[in-house]
Amino acid sequence: MKLATNGAVFLIATCLGGGWAFVPSSLKLTRSRSNLSMVSSVPKIANGSTSPSPSDNGSREWSPSSWKNAVAKQMPVYDDEEELENAVKRLERVAPLVFAGEVRSLHEKLARVSQGQGFVLMGGDCAESFKEFHVNHIRDTFRVIMQMALVMTFGSSMPVVKIGRMAGQFAKPRSEPNEVIDGVSLPSYRGDNVNGEDFTPEARRNDPNRMVDAYYQSAQTLNILRAFSTGGFADISRLHAWNLDFVEGTDEGSRYRLFAGKVDESLRFMKAIGIDTSKPEFTSVDFYTAHECLLLPYEQALTRQDSLTGKWYDCSAHMLWVGERTRDLDGAHLEFTRGIGNPLGVKISDKCTPEELIRIIDTMNPQNIPGKLSIIVRMGAEKLRKNLPGLIRAVQREGKAVVWISDPVHGNTRKTESGYKTRDFDNIRAELRAFFDVHDEMGSHPGGVHIEMTGEDVTECTGGVSDVTDDTLKHRYNTACDPRLNGSQALELAFLIAERMRLRTGLPPL
């Protein structure tokens, strides 16, 4: 895409895909021709053979199954090994959900973010489910992410990389392997790709065939996302009109209305000088998927070797992250991820020391490739202000290239007196403010935000413009796992981030 010289045109266009990110020559990445579409480098099916890892430091060999030699935490116990093997074999024969060229495209963009030239927006459900699968649910979440990206791009004047916690975010870690109710003990619910939510022996049985069901639902989800991202649903004028619907519910003269008015002025200016906003640059977007790398038999089965580069890619998603509970240095999850070519993330809390973080980075990205690794911080505002500076200082001292992403929801969960698990919007906002404050102090780049949200009008998190309270949580509390921001709360958060990013880039306040 040829970038226009007009500033407003540039920043609006970058929201919808932008130009190709600059990649250091050391990356040697191939520019892909499209996003979310099939590329010529159809990967070969992994056969489990041992080969040197593309990210290995040469100390030991890696294969898609080498994780089995390490301790695997948070893994379900299956009662029929033959049934598990048959399910894995079925998945080894299916088509990849994503392709190597798409993964490289995301890597290029994240490389630019790691150099302070972009911002990452990751959002989606806490956990996808089989029974809630519907095109409308996918559409609504995709729409809100696009609305958020438009606002954040205008505020920051830089590209926003859009990643959905979708098409694979099924499995969830559990505090205990079993759940006890009225003296009856059954396996904990670990997500629909492992077992069922109902508290019965039949539903709670860990069923490996659910991995196959999850694959086919993910394939449908990706088909829907591809249609939305390239079929005109993400048209810039439509996105702005939806944002105007949001600001209509805010007070007259509010900062949200002022912000939306500035975007409206830019769009009208573009049309006035003859720019056709119906062109693909303004009606299609680059959209990627990510999920937690938790259920390793599933991830192994969908790992393929790229026929062009020889690198291994986990073709279940464009990006994967390792959670706080499974990031052990000698654990199976870091062993698996160290060998795949996908961009990776790792979640850290206040429990992570600077020394441990450097060792994690060395394991997951030993070649220090920009854009390869994102550090997703989840601590709560107070602990973040205390612990994040030391982590950033260690990364700066060692010269590590990472993308810093804030997860402001997981550290702010509480239970109400009536037993509902919820999160307060004010606490989420406070952690985001602390995240930006610390990066301002350290001279580092706040590279993104990772939130659990939905496009639906749920009442699961309190506060924000939707004015959800502890008493109204019960009205539309639909989550099967953790509480999510609703569409209005997520969009309000985007406006607040945009304002902060606007100040950070030196633009005048509205």
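In what follows, the structure referred to is the one given above.
Worth saying up front: this structure is predicted, and the values here are computed from it rather than measured.

A. Expanded view of the overall build of the protein chain. When helices and strands are tallied, the protein chain shows 15 helices and 15 strands. Across the 510 residues in the protein chain, those meeting the buried criterion constitute 59%. For the protein chain, the proportion of contacts with a sequence separation of at least 24, taken over those separated by at least 6, is 77%.

B. Region of interest: the packing of helix α4 (residues 135–156) against helix α6 (residues 209–230). As a packed pair, α4 and α6 sit with axes 10 Å apart at the nearest point and diverge in direction by 50°. Relative to α6, α4 is oriented oblique. Seen from above, α4 lies across α6 with right-handed handedness. For the pair α4 and α6, the contacting residues are V135, I138, R139 and F142 in the first and T221, I224, L225, F228 and S229 in the second. Each residue belonging to the contact of α4 with α6 can be placed in one class, and the counts come to six nonpolar, two polar and one charged.

C. Inspection of α4 at higher detail. The terminal C-alpha atoms of α4, which comprises 22 residues, lie 31 Å apart, in line with the 32 Å expected from a rise of 1.5 Å per residue. One or two residues past the end of α4 sits S157, with phi positive at roughly 55°.

D. Structural context of the sheet that holds strand β9 (residues 319–322). One closed barrel holds the eight strands; their spatial order is β2-β3-β6-β9-β10-β11-β12-β15, and the pairing between them is parallel. Averaged over neighbouring strand pairs, the angle between their axes works out to 25° when direction is ignored. In this sheet, strand β6 (residues 287–292) lies alongside strand β3 (residues 160–165) in parallel orientation, the contact comprising three bridges. Looking at β6, one finds that G164 is bridged to T289. Each of β10 (344–348), β11 (373–377) and β12 (403–406) is contacted by helix α13 (residues 381–398), which is oriented at about 170° to β12, the strand it contacts most.

E. A negative patch on the surface, seen in detail. Judged by side-chain charge, D80, E81, E82 and E85 come together as a negatively charged surface patch. Note on placement: E85 falls in helix α2 (residues 81–93). Taking the relative accessible area as the measure of exposure, E85 reaches 40% and is therefore partly exposed.

F. Here's a closer look at the pattern of salt bridges. Enumeration according to the criterion identifies 33 salt bridges in this entry. Linking E452 and K172 is a salt bridge whose minimum nitrogen-to-oxygen distance equals 3.8 Å. Placement of E452 in strand β15 (residues 446–452) and of K172 in the loop between β3 and β4 (178–181) is noted, with a sequence separation of 280 residues between them. Take E452 and K172: they sit in the same class, and that class is buried. With its nearest N and O atoms 2.7 Å apart, the salt bridge here joins D426 to R429. Residue D426 and its partner R429 are located together in helix α14 (residues 425–442), separated by three residues, close to a single helical turn. The partly exposed category is assigned to D426, whose relative accessible area is 47%. Through salt bridges with shared partners, one network takes in R165, K172, K421, R423, E452 and D482.

G. Expanded view of the packing of aromatic side chains. This model, assessed by the stated rule, comprises eleven aromatic pairs. Where W62 meets W312, the ring centres are 6.2 Å apart and the plane angle is 65°; that geometry is what we call edge-to-face. Within this pair, whereas W62 is found in the loop between β1 (44–45) and α2, its partner W312 is found in strand β8 (residues 312–314), the two being separated by 250 residues in sequence. Here W62 falls in the buried class, since its relative accessible area comes to 0%. An aromatic cluster is built from F142, F228, F233 and F287, whose rings are joined through pairwise contacts.

H. Representation of the environment of L225 within the structure. Checked against the element boundaries, L225 lands in helix α6. By relative accessible area, which is 0% here, L225 ends up buried. Along the primary structure L225 and F142 are separated by 83 residues, whereas in three dimensions their C-alpha atoms are 7.6 Å apart. Beyond its immediate sequence surroundings of up to four residues, L225 is in contact with I138, F142, M166, F287 and T289.

I. Structural context of the pairing of β6. Across the six residues that make up β6, a large majority, six, are buried. Here β6 pairs with β9 via three bridges, running parallel. The partner of H291 across the bridge, within β9, is L320.

J. A look at the nonpolar core. Formed by 89 residues in total, the largest nonpolar core has its most connected members in M148, I375 and W404. V194, V212, L222 and C315 belong to the second-largest nonpolar core, a separate cluster that totals 22 residues.

K. Geometry of the packing of α13 against α14. Here α13 crosses α14 at 35°, and the two axes come no closer than 9 Å. The handedness of the crossing between α13 and α14 comes out as right-handed. Here A381, L384, R385, L388, P389, I392, R393 and Q396 of α13 lie close against α14, whose contacting residues are A430, E431, R433, A434, F435, D437, V438, H439 and M442. Classifying every residue of the contact of α13 with α14 gives ten nonpolar, two polar and five charged.

L. Quick look at the side chain of R204. By the secondary structure assignment, R204 is in helix α5 (residues 201–204). A distance of 3.1 Å separates the side chain of R204 from the backbone oxygen of G196, its partner in a polar contact. In this structure the side chain of R204 is engaged in a polar contact, spanning 2.9 Å, whose partner is the backbone oxygen of E197. If we skip the residues at most four places from it in the chain, R204 touches E179, L186, P187, S188, Y189, N195, G196, E197, D198 and F199.

M. Representation of α14. Taking 1.5 Å as the rise per residue, α14 with 18 residues should run 26 Å; its terminal C-alpha atoms sit 26 Å apart, in good agreement. Every buried residue of α14 is listed here: F425, I428, E431, L432, A434, F435, F436, D437, V438, H439 and M442. Of the residues one or two after α14, G443 is the one with positive phi, at around 70°.

Conventions used here
- Residues numbered from 1 in each chain as written.
- Predicted model: local features only at pLDDT ≥ 70, side-chain atom pairs only at ≥ 80, totals over all residues.
- Heavy atoms only, no water.
- Helix = DSSP H or I, 4+ residues; strand = E, 2+ residues; numbered from the N terminus.
- Buried < 20%, exposed > 50% of the residue type's maximum accessible area, 1.4 Å probe, protein only.
- Contact = heavy atoms within 4.5 Å.
- Axes fitted to C-alpha atoms, helices over the stretch in contact; angles between N-to-C directions.
- Parallel < 35°, antiparallel > 145°, perpendicular 65-115°, else oblique.
- Left-handed = near helix turned anticlockwise from the far one by under 90°.
- Nonpolar A, V, L, I, M, F, W, Y, C, P; charged D, E, K, R; others polar.
- Expected span 1.5 Å × (residues − 1).
- Pairing = 2+ DSSP bridges.
- Patch = residues over 30% accessible without salt bridge, like charges linked within 9 Å, V, L, I, M, F, W, Y side chains within 5 Å.
- Areas by Shrake-Rupley, 256 points an atom, 1.4 Å probe, with all protein chains shown as cover.
- Salt bridge = Lys/Arg side-chain N within 4 Å of Asp/Glu carboxyl O.
- Lys, Arg positive; Asp, Glu negative; His and termini not counted.
- Charge placed at Lys NZ, Arg CZ, Asp CG, Glu CD.
- Phe/Tyr/Trp six-rings, centres within 6.5 Å; stacked < 30°, edge-to-face > 60°.
- Core = buried A, V, L, I, M, F, W, Y, C linked by side-chain atoms within 4.5 Å.
- Polar contact = N/O pair within 3.5 Å; in protein donor to acceptor, adjacent residues only side chain to side chain.

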